[in-house]
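So the chains spell out like this:
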Amino acid sequence: ALWAFKDAQNSVDNVEIVCFEKSDCIGGQWSFDPGIPQSSQTHTSMYKDLWSNGPKEVGSEYPDYSHLEHFGKPIPSHPPRAAIADYIKGRAKKYDLTDNIRFKTEVTSVTWDDNGRRFELCAKNWETGVLAREDFHFVIVANGHFTVPHVPKFAGIETFPGEVLHSKDFRDARRFAGKRVLAIGGSLSAEDIALQCHKFGATSVTITNRHPMGYPWPAGISEVPLLTHVSGHSVHFLDGTQEDVDVIVICTGYEYSFPFLPPQLKTRANNTLVIEDLYKGVFFIERPELMYLGIQNQVYTFLMLDLQAMLARRAVTNKFALPTKQHMVEDIHAWIQKQDNLDAVKDWHALQTEYLKELNSLVMLVDDKDFLCLQMPDEAEEDKVEDISQFRNGTFASCFSGSQGVNPSSPCLESTEEVPLQESLESLGCVDFTSLRRMPLEDYATLEKQLIDRWGIHLGDSQYCGRHIAPSTSIPAGEVVVVLPPYIIQKWHEVVDNDLVIQVRPGGKQDALFSCATARSALDCCLHHSCDPNLQALILADLSVNMVARREIKPNEVLAFDYETTEEDLVAFDADFTCHCGHPHCRKHIRGFGHRDDAEKNKNLAEVNTQACSSNN
């Protein structure tokens, strides 16, 4: 929400933002320190050695701040916990989002004053003990729902002589080495904790649940029907079987908890895709000035949160008109009917896809091409069905940067040490010319000689050589910069943005500035024509690009090119560009793919708001 409101504190919108954060840092669930014991101030439910259980390209990437921009090079699609936490903090730092946060401050109560038409909020700093009271016109609840354990009852479990814990208290699988573990649950926590215990030497791991997950578990992990009761060390299941265990880990999810809200302001959310009392999944229909973010069951977490936050901002700044309560109720019921007809996992993915597209139509946060990420969850689930032990080795391409995830330096189930983030990133290495392109040494030497002859630059002298630059990277004049593949080479109207958007047709043209040598072993170095005379380029056999800059190229600067070819070969950038080079084959004017100037965008947003207002009449 802070990101969405980052520039609303101006003379036009005049919004004052205050964020109350119970912990002493940002990051929420991802902010985990294994050295800090569990306490009432511990929000996270994470543990050592945790890796993302879904591709970061699906659920953990912001449209305005890619992982490529943050890390400066591709990282695995299922990164370790520390990488996601660092990424979240990087975005907050980029936009100075912590300026409006009151850390170590817990909200104790929120009530609505009908006379004053505002909320009365009380908050306590748990370090100083100071209790403060303030009034607000709007309240946004974004405290998550993975903190308060849901603990079902099983007969006899209270007398179990071994250890019983909820997944919230699971911190390190190493201490269960040599033990027989029972994991109760049928979703992500049970799945991952079972694999963690198996990896770190548990004698056996048994998963018990109502509906089997059915994955191809490795030897040492088994799945059985639901637990019925416990007798001593023996656990008994619905099919009449039993076995002895030493540890029971309850992986049954979490309760929604809003202890600071009175009953009349609490949503009745129950971990579904559609919430029965939240219009557009955000506005509490009994009191729309109260908004909730991220309450739904989530597939596309980060993108969904940004879209919801932008819709909340538009409502607060009077740019999104809420309809009548009756209209809101009817809209929610229509979504509930869709949810009631869901069957397979892919149907759940499809429904949240539809939801995100509707939100985007109201706020216009991203272009339609950026929703390519909504095709990935089904592929990720297929990877798990194929091999639950190795699915984290799969790689996906970012819809926002075009960067393809890379393989982890060590597969998840073989990685038995939680490596510090910087060391983990360094282990991925900087891909150089020879290792990436598999280029024969004689071809490499030829390329090097050409650059020395033409520019007086030696590849080994460049600090950027072999590094995947991010959009925020400034390229000093005279540097050789390698923009690493894979670029998504598609038809012109389907091109996906990357650091620099480059469109090349395999086969190319001998006289083109960008020419592809895919079908040839020799390098094709054509430096004859560029709409920007300060920049030239080489294309290598695998579509990697070497940018040779004669002047400093500033972060996010638009670079445009044209050459003798057809529209399908166009190199497009997200801006208009008029060329004055005088080349006979130059089309003079390029309109970048997906370009939408501010005036056009504001006009479209106004039309959306007008339609919303009309629905009230």
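For the structure, see preceding data.
Residues numbered from 1 in each chain as written. Predicted model: local features only at pLDDT ≥ 70, side-chain atom pairs only at ≥ 80, totals over all residues. Heavy atoms only, no water.

Concerning unusual backbone geometry
Keep this limit in mind: Numbering goes from the N terminus for both helices and strands, where a helix is a DSSP run of H or I of at least four residues and a strand is a run of E of at least two. Accessibility here uses a 1.4 Å probe with only protein chains present; expressed as a share of the type maximum, an area under 20% marks a residue as buried, one over 50% as exposed, and anything in between as partly exposed.
You will see that asparagine 271, though not glycine, has its phi angle at about 60°, which is positive. The residue asparagine 271 is located in the loop between strand S16 (254-255) and strand S17 (278-279) in this model. By relative accessible area, asparagine 271 is classed as partly exposed at 40%. Of note, methionine 364 is a non-glycine position whose phi angle comes to about 50°, a positive value. Structurally, methionine 364 can be placed in the loop between helix H7 (345-363) and helix H8 (376-386). What makes methionine 364 buried here is its relative accessible area of 16%.

Re the sheet that holds strand S3 (residues 105-113)
Rules: When DSSP finds at least two bridges between two strands, those strands are taken to pair. Axis angles are defined between N-to-C directions and span 0 to 180 degrees, where every axis is a line fitted to C-alpha atoms and, for a helix, only to the segment in contact.
Strand order in this open sheet of three strands is S3-S4-S5, and the pairing throughout is antiparallel. Pairing within the sheet leaves two strands with one partner each, and these edge strands are S3 and strand S5 (131-136). Across the sheet, the mean angle from the axis of one strand to that of its neighbour is 20°, orientation sign disregarded. As defined by bridge partners, strand S4 (residues 118-125) adjoins S5 across six bridges and the pair is classed as antiparallel. By the bridge assignment for S5, leucine 121 is matched with glutamate 134.

Re the pairing of strand S10 (residues 204-208)
In terms of residue burial, S10 counts as a mostly covered element, since four of its five residues are buried. In this structure, strand S9 (residues 180-184) lies alongside S10, joined through five bridges in parallel fashion. In the strand pairing of S10, valine 181 is matched with valine 205. Here four bridges tie S10 to strand S11 (residues 221-224), and the two strands are oriented parallel to one another. What sits directly across from threonine 206, in S11, is serine 222.

Brief notes about the sheet that holds S9
Hydrogen bonds between backbone groups are what pair the strands of a sheet, and the pairing can be parallel or antiparallel. Strand order in the open sheet formed by five strands is S8-S15-S9-S10-S11, with parallel pairing between adjacent strands. What marks the edges here is a single partner per strand, and that holds for strand S8 (163-166) and S11. Averaged over neighbouring strand pairs, the angle between their axes works out to 20° when direction is ignored.

A word on the packing of helix H6 (residues 325-340) against H7
Defined as follows: An angle counts as roughly parallel when it lies under 35 degrees, as roughly antiparallel when it exceeds 145, as roughly perpendicular when it falls between 65 and 115, and as oblique in every other case. Only heavy atoms enter the contact rule, under which two residues are in contact if any of them lie within 4.5 Å. Residue polarity follows a fixed list, in which Ala, Val, Leu, Ile, Met, Phe, Trp, Tyr, Cys and Pro are nonpolar, Asp, Glu, Lys and Arg are charged, and the others, Gly among them, are polar.
H7 packs onto H6 with a crossing angle of 155° between their chain directions and a minimal axis gap of 11 Å. With respect to H7, the axis of H6 lies roughly antiparallel. Taking contact as the criterion, the partners of Trp335, Lys338 and Gln339 in H6 are, on H7, Leu351, Glu354, Tyr355 and Glu358. Of the residues contributing to the contact of H6 with H7, the split by class is three nonpolar, one polar and three charged.

A word on the packing of helix H5 (residues 301-316) against H7
Inclusion rule: Take the far helix as the reference: if the near one is turned anticlockwise from it by less than a right angle, the crossing is left-handed, and if turned clockwise, right-handed.
At their nearest, the axes of H5 and H7 sit 9 Å apart, and the two run at 35° to each other. For the pair H5 and H7, the sense of crossing is left-handed. Packed against H5, whose contacting residues are Leu303, Met304, Leu307, Gln308, Met310, Leu311 and Arg314, the element H7 presents Gln352, Tyr355, Leu356, Leu359, Asn360, Leu362 and Val363 at the interface. In the contact of H5 with H7, the residues fall into 10 nonpolar, three polar and one charged.

Quick look at the side chain of glutamate 289
You can see glutamate 289 is positioned in the loop between strand S18 (283-284) and strand S19 (290-292). Not counting chain neighbours up to four residues away, the residues in contact with glutamate 289 comprise Trp112, Arg117, Phe119, His137, Phe138 and Val139.

Here's the deal with the nonpolar core
Here is a general trend for soluble globular proteins: nonpolar side chains tend to be buried in one another's company. We apply this condition: By nonpolar core we mean a set of buried residues, namely Ala, Val, Leu, Ile, Met, Phe, Trp, Tyr and Cys, connected to one another through side-chain atoms within 4.5 Å.
In this structure, Phe5, Phe283, Leu311, Phe320, Tyr355 and Leu356 are the most contacted members of the largest nonpolar core, which totals 48 residues. For this core, the secondary-structure elements that each account for two or more residues are H5, H6, H7 and H8. The greatest single-element share of this core, amounting to nine residues, is contributed by H5. Not counting the four nearest positions on each side in its chain, phenylalanine 283 is found in contact with Asp277, Leu278, Pro288, Leu290, Met291, Leu311, Ala312, Ala315, Phe320 and Leu322. Judged by nonpolar contacts, the second largest core, of 39 residues, contains Ala202, Tyr215, Val249 and Phe391.

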